[in-house]
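# Chains, contacts and geometry: an overview
One-letter residues, chain by chain:
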Amino acid sequence: MKLLVTGGAGYIGSVVAAQLVEAGHEVVVLDDLSTGHADAVPGGARFVQGSITESFDVLDGAGFDGVLHFAAKSLVGESVRHPDVYWAGNLGGTLALLEAMRVTGVRRIVFSSTAATYGEPENIPIRETDPTRPTNPYGASKLAVDTALAAHTAMHGLGATSLRYFNVAGAYTAADGRVYRERHTTETHLIPNVLAVALGTRDSLSLFGDDYPTPDGTCVRDYIHVADLARAHLLALEACAPGRHAVYNLGNGTGFSNLEVVSACREVTGHPIPAAVAPRREGDPATLVASSELIQSELGWKPDNPSLHTMVADAWAALH
């Protein structure tokens, strides 16, 4: 198939693009490089630098079979400070992409959604049928895209899948030996920030809250290996059916506490990684764990790398 990967120069998008190339697909990456890196585009893929608002120019007359859509703003704090940027980019940009797909006859799309659509959950593990009540403009803008996809499948016969994933970690080594890893300019994820202390590029680590109703008092989160996550996108693409909008959670189904993450990083790196406890952050739920039973039963997906140690070790190795 000929496939467009928007945001394919970013962490997750580049791993998916690499796996698509390895699977024999013809891949075009569209990325404005606002947060991505040109050297993350895999060999064998064609790179077009530009915004998703310009996707018509890429799709027109080019015979694409589908789109894997990762291009988005994704910082929760920034979304609170600049909600207009998130609504314009995440929702407005996606609407432009969907219109370009409609006009050019591209019939399937897999969308990078997020667990932030659920907000503070009522139930653990979180299922796709649970209420969606995002607590910030980032989650709200992603949920709005999910709603738009459902409407486009009903109106235009599009086949669409939204993958709502939790904390993504690890690194991916492609068949050609190339390594794809996290390297955000503004890093908000726990594992890379912990490893940065061990590497010496970050002075200290703060753990926000140690009085949550969890076994060790720190927040519990679901982590998924980026290679497993990418593989789910390929399965979702194959399963896209005209007129259907499918929504799947992606996670391990097992949570790891912040202290467990730090402990795993200490074990992998051999570094003491001192961590200081800071006050809770407003709006941080005690536990976020996904149920991935639906995608396991319908698409046959399950994580091959559920070990926290493996995720940390792969991320650490990619830094050297």
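Residues numbered from 1 in each chain as written. Predicted model: local features only at pLDDT ≥ 70, side-chain atom pairs only at ≥ 80, totals over all residues. Heavy atoms only, no water.

A separate point is the overall build of the protein chain. Counting its regular elements, the protein chain contains ten helices and 15 strands. Taken over the C-alpha trace, the protein chain has a radius of gyration of 19 Å; the compact-globule value for 320 residues is 20 Å, and the two agree within 12%. When its C-alpha atoms are laid out on the principal axes, the protein chain stretches across 55 × 40 × 40 Å. With 320 residues in all, the protein chain has 52% of them scored as buried. Relative to all contacts within the protein chain whose residues are 6 or more apart in sequence, the contacts with residues 24 or more apart total 78%. When the accessible area of the protein chain is evaluated, it comes to approximately 13300 Å², of which 51% is carbon and sulfur surface. (Helix = DSSP H or I, 4+ residues; strand = E, 2+ residues; numbered from the N terminus. Rg over C-alpha atoms; globule rule 2.2 N^0.38 Å. Buried < 20%, exposed > 50% of the residue type's maximum accessible area, 1.4 Å probe, protein only. Contact = heavy atoms within 4.5 Å. Areas by Shrake-Rupley, 256 points an atom, 1.4 Å probe, with all protein chains shown as cover.)

Counted according to the given criterion, the structure contains one aromatic pair. Their ring planes at 50° and their centres at 6.5 Å tell us that Y223 and F256 sit as a pair that is tilted. Separated by 33 residues along the polypeptide, Y223 in strand β11 (residues 220–225) and F256 in strand β13 (residues 255–257) bring together distant segments of the chain. Taking relative accessible area as the criterion, Y223 reaches 3% and is therefore assigned buried. Classification of F256 as buried rests on a relative accessible area of 14%. Taking the ring centre of F64 as reference, the NZ or CZ of K2 above it sits at 4.8 Å. (Phe/Tyr/Trp six-rings, centres within 6.5 Å; stacked < 30°, edge-to-face > 60°. Lys NZ or Arg CZ within 6 Å of the ring centre and 35° of its normal.)

Okay, the nonpolar core next. Among the nonpolar cores identified, the biggest contains 39 residues, and I12, L68 and L250 are the most heavily contacted of them. When residues of this core are traced back to their parent elements, those giving at least two are β1 (2–6), α1 (11–22), β2 (26–31), β6 (159–165), α7 (226–239), β12 (245–250) and α9 (293–299). Considering every element that reaches this core, the biggest residue donor is α7, with eight residues. Leaving out residues up to four positions away in the same chain, L250 has contacts with L163, R164, Y165, F166, I224, L229, A232, A290, S292, I295 and W301. Membership of the second largest hydrophobic core comes to 24 residues, among which are I52, L59, L97 and A160. (Core = buried A, V, L, I, M, F, W, Y, C linked by side-chain atoms within 4.5 Å.)

Let us look at the packing of helix α8 (residues 258–269) against helix α10 (residues 308–317). Contact geometry of α8 with α10 gives a least axis separation of 9 Å together with a crossing angle of 55°. Comparing their axes, α10 and α8 come out oblique. Considering only the axes of α8 and α10, their crossing is right-handed. Residue-level contacts link E260, V261, A264, C265, E267, V268 and T269 of α8 to L308, H309, V312, A313 and W316 of α10. (Axes fitted to C-alpha atoms, helices over the stretch in contact; angles between N-to-C directions. Parallel < 35°, antiparallel > 145°, perpendicular 65-115°, else oblique. Left-handed = near helix turned anticlockwise from the far one by under 90°.)

Another aspect to go through is the sheet that holds strand β4 (residues 66–69). What the seven strands build is an open sheet, ordered β3-β2-β1-β4-β5-β6-β12; its pairing is parallel. Sheet topology places β3 (46–49) and β12 at the edges, where each strand pairs with a single neighbour. Within the sheet, the average angular offset between the axes of one strand and its neighbour, ignoring direction, is 20°. Note: β4 against strand β5 (residues 108–114), three bridges, orientation parallel. Bridged to V67 within β5 is I109. (Pairing = 2+ DSSP bridges.)

This model, assessed by the stated rule, comprises ten salt bridges. A salt bridge links R164 to D146; its shortest N-O distance comes to 3.0 Å. Of the two residues, R164 is situated in strand β6 and D146 in helix α5 (residues 137–156); the sequence distance between them amounts to 18 residues. A relative accessible area of 5% places R164 in the buried class. The partner of R280 in a salt bridge is D211, with the nearest N and O atoms 2.9 Å apart. (Salt bridge = Lys/Arg side-chain N within 4 Å of Asp/Glu carboxyl O.)

Spanning 20 residues, α5 covers 27 Å between terminal C-alpha atoms, matching the ideal 28 Å at 1.5 Å per step. The first or second residue beyond α5 is G157, which carries a positive phi of 75°. (Expected span 1.5 Å × (residues − 1).)

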